[in-house]
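A closer look at the structure
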Amino acid sequence: MSSTPGNGNNDKGAGPRTLWMGDLAYWMDENFLMSLYASTGEVLNTKIIRNKVTGYSEGYGFVEFASNFAAQNVLNTYNGAPIAGTDQFFKLNWASYSGGQGGGGGAGGGG
């Protein structure tokens, strides 16, 4: 039995691969998020959720990794750690989606 959410076996690639990241500063964009995790060599995509009217960040986003194993390692290593060059800390959790398959907006599990 694995402790990885949504993963019933020990396959390092199976299971969720996307993390929710909260408490983002207004100036943080997709490129900044990508740079935070570039050293892992495992980031596939980043997405900042923006207000549809103003275009400003809603303060959270998503980071997709190449595997569940990579996402789990980042969650365990980065969550709660200081973000270099800022006065903020990583706030990470598994992404959860509100219906449908794959796509679009999800409600991040911030706690």
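Please read all numbers here as calculations on a predicted model, not as lab measurements.

Each value, and the rule that gives it
Residues numbered from 1 in each chain as written. Predicted model: local features only at pLDDT ≥ 70, side-chain atom pairs only at ≥ 80, totals over all residues. Heavy atoms only, no water. Buried < 20%, exposed > 50% of the residue type's maximum accessible area, 1.4 Å probe, protein only. Helix = DSSP H or I, 4+ residues; strand = E, 2+ residues; numbered from the N terminus. Arc of directions from axis to C-beta. Contact = heavy atoms within 4.5 Å. Polar contact = N/O pair within 3.5 Å; in protein donor to acceptor, adjacent residues only side chain to side chain. Salt bridge = Lys/Arg side-chain N within 4 Å of Asp/Glu carboxyl O. Core = buried A, V, L, I, M, F, W, Y, C linked by side-chain atoms within 4.5 Å.

1. Some details on helix α1 (residues 30-37)
Among all positions of α1, only Phe32, Leu33, Leu36 and Tyr37 are buried. Looking straight down α1, one finds that the buried residues subtend no more than 130 degrees of arc, so they occupy a single side. On its buried face, α1 sits against β1 (18-21), β2 (43-50), β3 (57-65), α2 (68-78) and β4 (92-94). For α1, the side-chain oxygen to backbone nitrogen distance between the N-cap and asparagine 31 is 3.2 Å, and the N-cap itself is aspartate 29.

2. Quick look at α2
Within the sequence span of α2, burial applies to Asn68, Ala70, Ala71, Gln72, Val74, Leu75 and Tyr78. Where α2 is buried, its residues contact β1, α1, β3 and β4. Among the residues trailing α2, glycine 80 stands out with phi positive, at a value near 90 degrees.

3. Quick notes on the side chain of glutamine 88
Tracing the chain through its elements places glutamine 88 in the loop between α2 and β4. Glutamine 88 sits in the buried class, given a relative accessible area of 18%. When residues no more than four places from it in sequence are discounted, the contact partners of glutamine 88 are Asp23, Leu24, Ala25, Met28, Ala81, Pro82 and Ile83.

4. Thoughts on the pattern of salt bridges
Tallying each qualifying case throughout the model produces three salt bridges. A salt bridge links arginine 17 to glutamate 64; the nearest nitrogen and oxygen atoms lie 2.6 Å apart. Of the two residues, arginine 17 is situated in the segment before β1 and glutamate 64 in strand β3; the sequence distance between them amounts to 47 residues. The class for glutamate 64 is partly exposed, based on a relative accessible area of 22%. Note that arginine 50 is salt-bridged to glutamate 30, the shortest N-O span being 3.1 Å. Linking arginine 50 in strand β2 with glutamate 30 in helix α1, this pair joins segments that are 20 residues apart in sequence. Owing to a relative accessible area of 34%, arginine 50 belongs among the partly exposed residues under this scheme. Since its relative accessible area comes to 23%, glutamate 30 is described here as partly exposed.

5. With respect to the nonpolar core
Grouped together as the largest cluster of nonpolar side chains are 22 residues, with contacts concentrated most on Met21, Leu36, Tyr37, Phe65, Phe90 and Leu92. Only β1, α1, β2, β3, α2 and β4 provide two or more residues apiece to this core. Sort the elements by how many residues they give to this core and α2 lands first, with five residues. Leave out the neighbours within four places in its chain, and phenylalanine 90 touches Met21, Leu36, Tyr37, Tyr78, Asn79, Gly80, Ala81, Pro82 and Ile83.

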